[in-house]
Amino acid sequence: MKFFIFLVLALLSSMTSFADDDKIYINVGQAKVKKSLVAFPPLVFLGTPSVAPGFKQVGGDLFNTILNDLDVSNLFTIIKQQAYLEDSAKVGLTPAPGNPNGFHFESWSKIGSEFLIRGGYKMKSPTDLEFEVYVYYVPQAKLVLGKIYAAKASEARVTAHTFSDDLMKALTGKRGIFRTKFVAASDKAGNKWKEIYVMDWDGRNNIQVTNHHSISLSPAWRPDGKTISYTSFAYHPNLKSRNPDLFTYDIFTGKRFLVSSRLGINSGSAFSPDGNSIILTISKGEGPDIYKMNVEGDNLEKITNGPKGSLNVEPAVSPDGNKIAFSSDRSGVPMVYIMDADGSNVKRITFAGRYNSSPSWSPDGKKIVFAGQDKDHFDLFTVSVDDLTDMQRLTSAKTTSGRNANNEDPSFSPDGRHIVFTSDRTGKNQIYIITTDGTSERRITVDSHNYFKPKWSPYID
């Protein structure tokens, strides 16, 4: 999907044109980030209603998507519209005195607003959208961001996510996560099948991408954000039975490729940072061990060697490619371990509980999140790779019947500030996200189905 993004060339002479390139307004590197007050008045329709009768729906999609992005970022407190001192529908998107009908910064500084977002849109045709938006730093009466986005009206939500990403970059110096996606297995297809689905990070545009009429599970993203791998119990006519085979699938072209159909387990795959290798668990009729191969399924190398009778599963490759985290019951019960990429220097990093699994690395490689069994249920925990005493519980929830809910299958966002996971607190395994300090939790999927092993995509360009 392509957007033609045009920078606003003519800015008003009465104000600073742009923020300095290295200016950081919000430092997300701090342990605790103070939320900034932001005013986001309703978008102004700048076009002719008769050109596009559906303009209100388009405007609503733009506004509500941005509002949700701002909320989920956990960086802003949205000022309620009742507090506004100026009717934004009666003034321009740019300030006075440069714009004779422009807004006045003092109207926004008086209510404590640090940032002001003014936007408008028009429809050049029923299918063509133009979104004009400005972001101001109110204390200095300074323009931080000004752009016009041109896209199809059907792409209003993606346009909004694109702006939100640009806003994060302008204010924090770091990329936003709002065009990222989740991939997960789900039983939505019915008939006790599990198929693979790809959706926007906010749960919208939930699309089924497999149709094996079988059990498909354990999806993973290639670092380019275009390809996924997954395992499906595919039918082998010559054997007259099903085998857990590994596939890759290009989510943009729809091309599918059978990578490994070795007899036995071919599952739990993860890509190397360069995207050229796949790390996975293969059994070949023996105890499950971790192997490495190229994306065509060739050049198979064994990484773990037992011990005999033990399971070595769920490999997760560190961001620099030098380490692999994995789950193993070699100590008697499943625990999380890390090792060098060649299988040497195996180190156990979890010791508490009866069952620890599903490790996922933070993007900076400093922490691992995992699901740990605590008495009768699973919760999410993070542990510092360099200080195993630095462990934090992230989740704790009850089901509607009052029992402890299971929170499992964690995966870090590409900016390292959020974690996606599943929870059965509603009676169904639904997808949730939580900040990495455990302070802000949000449900993503809201339906009557079950989801398994969600993985957060890398940044998607």
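Residues numbered from 1 in each chain as written. Predicted model: local features only at pLDDT ≥ 70, side-chain atom pairs only at ≥ 80, totals over all residues. Heavy atoms only, no water.

### Remarks on the nonpolar core
Filter applied, for reference: Note on terminology: a nonpolar core comprises buried Ala, Val, Leu, Ile, Met, Phe, Trp, Tyr and Cys residues joined through side-chain atoms within 4.5 Å. Summary of the burial criterion: residues with accessible area below 20% of their type's maximum are buried, those above 50% are exposed, and those between are partly exposed, where the area comes from a 1.4 Å probe applied to protein chains only. Strands here are runs of E lasting at least two residues and helices are runs of H or I lasting at least four, both read from the DSSP assignment and numbered beginning at the N terminus. Boundaries between domains were set according to an automatic or database domain assignment. Contacts: residue pairs with any heavy atoms within 4.5 Å of one another.
By size, the foremost hydrophobic cluster in this structure holds 49 residues, and its most contacted members are Phe76, Ile117, Phe131, Phe163 and Phe182. Those elements giving two or more residues to this core turn out to be α1 (55-73), β5 (115-125), β6 (128-137), β7 (142-152), α3 (156-172), β8 (181-186), β29 (430-435) and β31 (451-456). Three or more residues apiece are contributed to this core by two domains, here domain 1 (36-172) and domain 2 (182-456). Every residue in contact with Ile117, bar those within four places of it in the chain, is listed here: Val38, Ala39, Phe40, Pro41, Leu70, Val133, Tyr134, Val135, Phe163 and Leu167. The next biggest cluster of nonpolar side chains, apart from the first, holds 14 residues, and it includes Trp108, Tyr134, Tyr136 and Leu143.

### Examining the packing of α1 against α3
Relative orientation and spacing of two packed helices are given, respectively, by the angle between their axes and the distance between those axes. Selection rule: Axis lines are fitted through C-alpha atoms, for helices just across the contact stretch, and the angle between N-to-C directions can take any value from 0 to 180 degrees. Crossing chirality is assigned from the near helix's rotation relative to the far helix, an anticlockwise turn below a right angle marking it left-handed and a clockwise turn marking it right-handed.
Two numbers describe how α1 lies on α3: the axes approach to 8 Å, and their chain directions differ by 35°. Both α1 and α3 take part in a crossing whose hand is right-handed. Mapping the contact onto sequence places Val58, Asp61, Leu62, Thr65, Ile66, Asp69, Leu70 and Ser73 in α1 and Ala156, Arg157, Thr159, Ala160, His161, Phe163, Ser164, Leu167 and Met168 in α3.

### Here we look at the pattern of salt bridges
We apply this condition: Counted as salt bridges are all cases of a side-chain nitrogen of Lys or Arg within 4 Å of a carboxyl oxygen of Asp or Glu.
Taken as a whole and judged by the stated rule, the model has 20 salt bridges. Within this structure, Arg157, Lys181, Asp200 and Asp202 form a network of salt bridges that share partners.

### Observations regarding the domain arrangement of the protein
We count it as follows: In short, buried area is how much 1.4 Å probe accessible area vanishes from two parts on joining, totalled over both. Residues adjacent in sequence count toward polar contacts only when both atoms are side-chain atoms; beyond that, a polar contact is any pair of N or O atoms within 3.5 Å, and within protein one must be able to donate a hydrogen and the other to accept it.
In terms of domain boundaries, the protein breaks down into domain 1 (36-172) and domain 2 (182-456). For domain 1 and domain 2, the distance between their C-alpha centroids amounts to 38 Å. On the domain 2 side, the residues contacting the 9 residues of domain 1 number 12 residues. Here domain 1 meets domain 2 over a buried area of about 830 Å², counting both sides, of which 38% is carbon and sulfur. Seen at the junction of domain 1 and domain 2, the total is 3 salt bridges. Our count for the contact surface shared by domain 1 and domain 2 stands at 7 residue pairs in polar contact (both at pLDDT 80 or more).

### Side note on the sheet that holds strand β10 (residues 207-208)
Which entries qualify depends on this criterion: Strands pair, by our definition, only if DSSP identifies at least two bridges between them.
Read from one edge to the other, the open sheet built from 4 strands follows the order β10-β9-β8-β31, with strand pairing classed as antiparallel. Each having just a single partner strand, β10 and β31 make up the two edges of the open sheet. In this structure, strand β9 (residues 195-200) lies alongside β10, joined through 2 bridges in antiparallel fashion. Counted as the bridge partner of Val198 is Ile207 from β10.

### Some points on the pairing of strand β14 (residues 256-260)
Each regular strand shows side chains that alternate between the opposite faces of the sheet. Note that strand β13 (residues 241-250) and β14 share 4 bridges and pair antiparallel. Looking at the pairing, Phe247 lines up with Leu258 of β14. A loop of 5 residues connects β13 with β14, the two strands running antiparallel in sequence, and Gly254 in this loop sits at a positive phi of about 80°.

### Describing α3
Threshold: Given a helix with a known number of residues, its expected span is that number minus one, times 1.5 Å.
For α3, built from 17 residues, the straight-helix expectation of 24 Å at 1.5 Å per residue is met to within 8% by its first-to-last C-alpha distance of 24 Å. Within α3, 15 of the 17 residues are buried, leaving the element largely enclosed by the surrounding structure. In the stretch just after α3, Gly173 is the one whose phi turns positive, near 80°.

### Notes on the side chain of Asp69
For clarity, the cut-off: Only four residue types enter the tally: Lys and Arg on the positive side, Asp and Glu on the negative side, with His and both chain ends excluded.
Structurally, Asp69 is set in helix α1. Buried and without a salt bridge, Asp69 has Arg157 as its closest oppositely charged side chain, separated by 6.8 Å. Not counting chain neighbours up to four residues away, the residues in contact with Asp69 comprise Ala160, His161, Ser164, Phe178 and Trp201.

### A closer look at the sheet that holds β13
An order of β11-β12-β13-β14 is seen for the 4 strands of this open sheet, with the pairing classed as antiparallel. Pairing within the sheet leaves two strands with one partner each, and these edge strands are β11 (216-221) and β14. Strand-to-strand twist of the sheet, defined as the mean angle between neighbouring strand axes without regard to direction, takes the value 35°. In the sheet, β11 pairs with strand β12 (residues 227-236) via 4 bridges, with the strands oriented antiparallel. Considered in β12, the bridge of Ser216 is made with Ser232.

### Here's the deal with the environment of Ser413
Within the secondary structure, Ser413 is located in the loop between β27 (407-412) and β28 (418-423). Of the residues examined, Ser413 reaches a relative accessible area of 1% and is grouped as buried.

### Observations concerning the packing of aromatic side chains
This is how it is decided: Only the six-membered ring of Trp is used, alongside the rings of Phe and Tyr, when aromatic pairs are assigned; centres must lie within 6.5 Å, and planes under 30 degrees apart are stacked while those over 60 apart are edge-to-face, with the rest tilted. Comment: the charge-over-ring label is applied if NZ (Lys) or CZ (Arg) is within 6 Å of the ring centre and within 35 degrees of the ring normal.
For the coordinates displayed, the defined rule picks out 21 aromatic pairs. Each ring, one from Phe40 and one from Phe63, has its centre 4.5 Å from the other, and the planes form 20°; the classification is stacked. Of this pair, Phe40 sits in the loop between β2 (36-39) and β3 (44-45) while Phe63 sits in helix α1, and the two are 23 residues apart along the sequence. Considering the side-chain rings of Tyr355 and Phe378, the 5.6 Å spacing of their centres and the 85° angle between planes classify their relative orientation as edge-to-face. Of this pair, Tyr355 sits in the loop between β22 (347-348) and β23 (356-361) while Phe378 is found in strand β25 (residues 377-384), placing the two residues 23 residues apart along the sequence. The aromatic ring of Tyr25 is capped on one face by Lys23, whose charged end is 5.2 Å from the ring centroid.

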